[in-house]
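# Working through the structure, step by step
What follows is the residue order along each chain.
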Amino acid sequence: MIRLEALSLDIHDREILRDVSLDIAPGKVTGLVGESGSGKSMTALAIMGLLPRGSVVSGRALLDGGDLLATPEREMCRLRGNRIGMIFQEPMTALNPVKTIGAQVAETLVVHGKARRAEAWEVARERLARVGLPEERFALSRYPHELSGGQRQRVCIAMAVALHPELLIADEPTTALDVTTQAQILDLLNGLVDEEKMSLLLITHDLAVVAGTADHVAVMQGGRIVEQGPTEALFRTMAHPYTRKLFAASSHQPERMAQGEDAPLLEVRDAVREYRTAREGLLGRPGRFRAVDGVSFTLGRGESLGLVGESGCGKSTLTRAILGLDTLQAGAIRLGGQEIHAGPHLDPAIRRRMQVVFQDPYGSFNPRWTVERLVAEPFHLMDARPEDMQGRVAAALTDVGIEPEAMGRYIHEFSGGQRQRIAIARALITNPDLIVLDEAVSALDVRVRAQILDLLARLQAEHGMAYLFISHDLSVVRRVTDRVLVMRAGRIVEQGETDAVFAEPAHAYTRALIAATPRIPADWQGGRDA
Amino acid sequence: MLRFALSRALSLALSLVVASVVIFAVIEVIPGDPASYMLGMNATPEAVAALRDQLGLNAAPVARYLAWAGGMLTGDFGTSYTYKVPVAELVMQRLWVSLPLALYALALSTLIALPVGLIAAARRGSATDYGIMGATQLGIAVPNFWFAMLLVLVFAVNLRWFSAGGFPGWAGGAGPAVKALTLPALALALPQASILARVLRSALIETLGQDYIRTARAKGLTRRQATVRHALRNAMIPVLTIIGLQFSFLLAGAIIIENVFYLPGLGRLIFQAITQRDLIVVESLVMLLVFAVILVTFLVDLAYAGVDPRLRKRV
């Protein structure tokens, strides 16, 4: 279908791709795996002819014998969306917020002159139904903000396959989605490949996703394909050391011991948080939405407690309440016996005993502050700033593996993994009893994630603080927590020892979550110790 | 959408009530006698007493406020002290100059700014872009009265295409009136168009970097199609904000241009009323302008909701 021959790319004299050669076979799924910055997305954009300014490409990208890299822009516009469709990682922002979903799908047909308006809407209706958004339930006049992330990704897929392209490029299509949604979207993509004899180039950082989906896999590192072959054979042999490293990191088990004491540190009792929703109709009463619905649990000193659940289950609301950022309507939260009251009445003495690390290592720092000031910020919770403040910042940075000389630098000078280390240093600085890790490793590449998980395990062993580990990623929670809570629709549906819950999930929802988690078949892992 | 419009209309009405109370309080209730202020330092006590009587200043403030506000609701703005004609009549005459002038200037500025901003954003970093940025910088920096005089010199004195000033009224048909307003509208529009073009450019550049533009390109839209079909409407929010602010300014802030072109507009009326200490006219005009600003804000709010469906549900 498409053959890449020695594709190389430089952007502003920076080497991005080198000698990438890859065959994308018709009617098959080709997986492209690698960490961020490995050149996966740039390979896709080169095929699409949508490279950023300043790009210099060489090599060839052949489609039916014609070189896409030499095709003029006008021709490329005719190919895009018509013969090659593409979907992207972030469904929340991939759709135009001011146009209806029907109009956006129909547009694919209209711009290619394949249909008049009315026919285009007819096709849009049919394609949206095919991707699981039937008109009875999802009117074509809906706007993107009225749909969930998974539903928006379905709209993107409908848009990309509206003209039955021969190749669909899916760039991390499920990375931003929950596990059960991810499984559904992967099913949908596989179904389309089978039905329409379409090729799929599936770009992902997740080995388990390609293991379950792709026929052929290529592994990229630093702009080169280091290994490629039929999926099963590649996983069984793992000839290249980088593939083995990637694999090892994705199932990395930090060395840690159960540390929990019986003394309760955090107690949540019958917590309820409701939000008002929009009124129905002109004079209707505002609705109520219970984000947290009678949640109770206890977290022991030094314990690692996992909280898993899908987006919208109330994890974040609960976290905000625990951190004293949001008030509860009923119930109580106590830290070390002291009740947490949100708002201005929150005692700084309580506040400094708990710290938080958020998901986004890019958005959670003030870009105009030095690292020293960022890490020292929690000191404002103290009655007086300690005199050896700089020394303590240096110690915290050393603790997380950042050299203390970095204090004078700004956050943009650090990589995602380093930023997350700095965020952990900021959380450590007040010697808290509890650190809330809110999807703290979800945005990281597998190898960096493995390092951060090791770091967290070491810090816990040294300082004995408790972790509340919030994540949608079950495989990570399984490896780093002592106990786990499964949350759904504002309630805790199951809780218990992590191993026991994963081995024998009692609740149907937990079973569904575990079943939806992609995994590499156990008998493929022969190459692991090679 | 209807609920959104109603809630905005309610806040419009409330703002008007609050504004009228504030204006009334500042001019009439706060210490300092309006009558002696209007008559000046040399007025005799008898004259002041007579004027106080005539202005109804001896009644209780609440009663006076109600009479004043109630009068405005029925179109009775009182009688000008200096011109001896009903304020409503005076304002209406001037409004027939200022309102068309403001709309004309606004239309010109939008018509100039839209293509200019679009081209600059689409060719970001090119010589065209730098040229446009330089020209708009100049457009903002040049005082509009100087530009107005330049227009008069070129088009009225030398080319004799337009008259140098004055306004023939609407009685003689729309043609001559529009012609008389063309140069002043152009003089007013230039700096506004420069600002608007720059706002549109930066809003568009931001929008063009969004993920959905990449999606649109992946669907096969050309760069231009993606810009016009997807980016432009999303870039409209800041542009609408600026247009709203500009209209409010154009309605009453055109005094210098009105002077350059001898136009009997609202700006000059306000200026005259203030110099002649005609508080009745000042009070009514200020209220009218406040009403105009609040009304424009209301319309801009509706336009936001028209542009962005996400805003329709928020109240």
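Everything here concerns the structure above.
Throughout what follows, the structure given in this document is the object of discussion. Within each chain, residues carry numbers counting from 1 in the order of the written sequence. Labels are handed out in written order, letters beginning with A for the chains and numbers beginning with 1 for the ligands. Side-chain atom pairs in this predicted model are given and counted only at pLDDT of 80 or more, local residue features only at pLDDT of at least 70, and totals for whole chains, interfaces and linings cover all residues. Only hydrogens and water are set aside; all other atoms, that is, all heavy atoms of the structure, feed into the side-chain values.

Our next topic: the overall build of chain B. Per the convention used, a helix needs a DSSP run of H or I reaching at least four residues, while a strand needs a run of E reaching at least two, with both numbered from the N terminus. A count of helical and extended segments in chain B gives 14 helices and zero strands. For chain B, the N- to C-terminal ordering of α and β elements is α-α-α-α-α-α-α-α-α-α-α-α-α-α. Referenced to the eigenvectors of the C-alpha coordinate spread, the extents of chain B come out at roughly 80 × 55 × 35 Å. A 1.4 Å probe rolled over the protein chains alone gives each residue an accessible area, and that area as a share of the maximum for its type sets the label: buried under 20%, exposed over 50%, partly exposed in between. Out of the 315 residues belonging to chain B, those deemed buried represent 44%. Contact criterion: two residues are considered in contact whenever any of their non-hydrogen atoms come within 4.5 Å of each other. Contacts in chain B between residues far apart in sequence, at least 24 positions, make up 72% of those at least 6 positions apart. Of the accessible surface of chain B, which amounts to about 15500 Å², a share of 70% is contributed by carbon and sulfur atoms. Positive charges come from Lys and Arg, negative ones from Asp and Glu, while His and the chain ends are left out of the count. To locate a charge, take atom NZ for lysine, CZ for arginine, CG for aspartate or CD for glutamate. Put simply, chain B has 25 plus and 14 minus side-chain charges, and the middle of one group is 20 Å from the middle of the other. The accessible surface values rely on the Shrake-Rupley method and a 1.4 Å probe; as for residues, cover is taken only from the protein chains in view.

This paragraph deals with the packing of helix α8 (residues 174-208) of chain B against helix α10 (residues 223-234) of chain B. Residues and elements named next belong to chain B. Note on definitions: angles span 0 to 180 degrees between N-to-C directions of axes, and those axes are lines fitted to C-alpha atoms, for helices only across the stretch in contact. It is the contact of α8 with α10, at a shortest axis distance of 8 Å, that shows an interaxial angle of 115°. At the point where α8 passes α10, the crossing takes the right-handed sense. Residue-level inspection shows L200, L204, T207 and L208 of α8 in contact with α10, the latter providing T227, A231, L232 and N234. In this scheme the crossing of two helices becomes right-handed for a clockwise turn of the near helix relative to the far one and left-handed for an anticlockwise turn of less than a right angle.

With that settled, the discussion passes to the sheet that holds strand β7 (residues 167-171) of chain A. Residue and element names in this part refer to chain A. At least two DSSP bridges between two strands are required for those strands to pair. Ordered by their spatial adjacency, six strands build an open sheet running β6-β7-β8-β3-β9-β10, and the pairing between neighbours is mixed. In the strand order of this sheet, the two ends are held by β6 (84-87) and β10 (224-230), each with one partner. With direction set aside, neighbouring strand axes in the sheet form an average angle of 15°. In this sheet, strand β8 (residues 199-204) lies alongside β7 in parallel orientation, the contact comprising five bridges. Opposite D171, over in β8, you have I203 as the bridge partner. Relative to β6, helix α6 (residues 149-160) is tilted by about 170°, and along the sheet it contacts β6 and β7.

Next up on the list: the layout of surface pockets. Estimated volume of the second largest pocket: approximately 1100 Å³. Sorting the residues of the lining of the second largest pocket by element identifies α1 (40-48), β4 (55-63) and α2 (73-79) of chain A together with α5 (87-122), α8, α9 (211-218) and α10 of chain B as the ones contributing at least two each. The greatest single-element share of the lining of the second largest pocket, amounting to four residues, is contributed by α9(B). Only Asp, Glu, Lys and Arg are considered charged, only Ala, Val, Leu, Ile, Met, Phe, Trp, Tyr, Cys and Pro nonpolar, and every remaining residue, Gly among them, polar. The residue makeup of the lining of the second largest pocket, split by class, is 16 nonpolar, six polar and eight charged. Space inside and on the surface of the protein is sampled on a 1 Å grid over the protein atoms alone, with a cavity defined as a set of points where a 1.4 Å probe fits but cannot get out and a pocket as an open set with protein on both sides within 12 Å along at least 5 of 7 lines; lining residues have an atom within 4 Å of a point. Grid points are joined across faces, edges and corners, and a volume is the space filled by probe spheres set on the points.

This part is about the pairing of β6(A). Consecutive side chains along a regular strand alternate between the two faces of the sheet. Residue and element names in this part refer to chain A. Where burial is concerned, the two faces of β6 agree: the one with I84 and M86 and the one with G85 and I87 are both buried. Taken together, the four bridges between β6 and β7 define a ladder with parallel strand orientation. Residue pairing in the sheet places I84 in a bridge with L167 of β7.

Once that is clear, we can look at the sheet that holds β4(A). Two pairing modes exist for strands in a sheet, parallel and antiparallel, and in both the strands are linked by backbone hydrogen bonds. Residues and elements named next belong to chain A. Read across the sheet, four strands follow the order β2-β1-β4-β5 without closing on themselves; strand pairing throughout is antiparallel. Each edge of the open sheet carries a strand with a single partner, namely β2 (14-24) and β5 (66-67). Bridge analysis of strand β1 (residues 2-11) against β2 gives seven bridges, and the strand direction is antiparallel. The partner of R3 across the bridge, within β2, is D23. α1 rests against β1 and β2 of the sheet, and its axis sits at about 110° to β1.

Time to look at the interface of chain B and chain A. Taken together, the contact pairs 26 residues of chain B with 30 residues of chain A. Using a 1.4 Å probe, buried area is obtained as the accessible area two parts lose upon being combined, added over both of them. For the pairing of chain B and chain A, the buried interface totals around 2600 Å² over both sides, and the portion due to carbon and sulfur atoms is 56%. What counts as a salt bridge is simple: a side-chain nitrogen of Lys or Arg found within 4 Å of a carboxyl oxygen of Asp or Glu. The interface formed by chain B and chain A contains three salt bridges. Contributions of two or more residues to the side of chain B that touches chain A are made by α1 (2-29), α9 and α10 of chain B. Counting residues per element, the side of chain B that touches chain A draws most heavily on α9(B), at six residues. When its residues are assigned to classes, the side of chain B that touches chain A shows eight nonpolar, six polar and 12 charged.

All names here are of chain A. Notably, H164 is not glycine yet its phi reads approximately 50°, a positive angle. Inspection of the secondary structure puts H164 in the loop between α6 and β7. Looking at H164, the relative accessible area reads 46%, which means it is partly exposed. Phi is positive for K197, close to 55°, though the residue is something other than glycine.

So, about the environment of B:F145. Residues and elements named next belong to chain B. Within the secondary structure layout, F145 lies in helix α7 (residues 144-158). Expressed as a C-alpha distance, the spacing of F145 and G56, which sit 89 residues apart in the sequence, is 41 Å. Setting aside anything within four residues of it in sequence, one finds F145 in contact with I256, I257 and V260.

Residue and element names in this part refer to chain B. On the surface, a nonpolar cluster with roughly 910 Å² of combined accessible area is contributed by F145, W146, M149, L150, L153, V154, V157, L159, W161 and I256. Looking at the nonpolar patch, the element that brings in the most residues is α7, giving seven residues. Topologically, L153 is positioned in helix α7. What makes L153 partly exposed here is its relative accessible area of 48%. To count toward a patch, a residue needs a relative accessible area above 30% and no salt bridge. Like charges then connect within 9 Å, nonpolar side chains (Val, Leu, Ile, Met, Phe, Trp, Tyr) within 5 Å.

Here we take up the pattern of salt bridges. Residue and element names in this part refer to chain A. On inspection of all chains with the given rule, the structure shows 38 salt bridges over all chains. One salt bridge in this structure joins D64 and R83, with 2.4 Å as the shortest N-O distance. Note that D64 is positioned in the loop between β4 and β5 and R83 in the loop between α2 and β6, a separation of 19 residues in sequence. By relative accessible area, which is 58% here, D64 ends up exposed. Across the pair E195 and R130 runs a salt bridge, and its minimum N-O distance is 2.8 Å. Within this pair, whereas E195 is found in helix α7 (residues 179-196), its partner R130 is found in helix α5 (residues 117-130), the two being separated by 65 residues in sequence. Judged by relative accessible area, which is 23%, R130 ranks as partly exposed.

Take the side chain of B:Q192 next. Considering the arrangement of structural elements, one finds B:Q192 in helix α8. What B:Q192 contacts, discounting residues up to four positions off in sequence, is B:S109, B:Q246, B:F249 and B:L250.

Moving on to the packing of helix α10 (residues 241-250) of chain A against helix α16 (residues 446-463) of chain A. Residue and element names in this part refer to chain A. At their nearest, the axes of α10 and α16 sit 8 Å apart, and the two run at 45° to each other. The angle between α10 and α16 falls in the class oblique. Judged by the twist between their axes, the crossing of α10 over α16 is left-handed. Here Y242, K245, L246, A249 and S250 of α10 lie close against α16, whose contacting residues are V446, R447, R449 and A450. Looking at side-chain class alone, the contact of α10 with α16 contains five nonpolar, one polar and three charged residues. Angles below 35 degrees are treated as roughly parallel, those above 145 as roughly antiparallel, those between 65 and 115 as roughly perpendicular, and all remaining angles as oblique.

Keep in mind that these numbers describe shape and distance, not what the molecule does.
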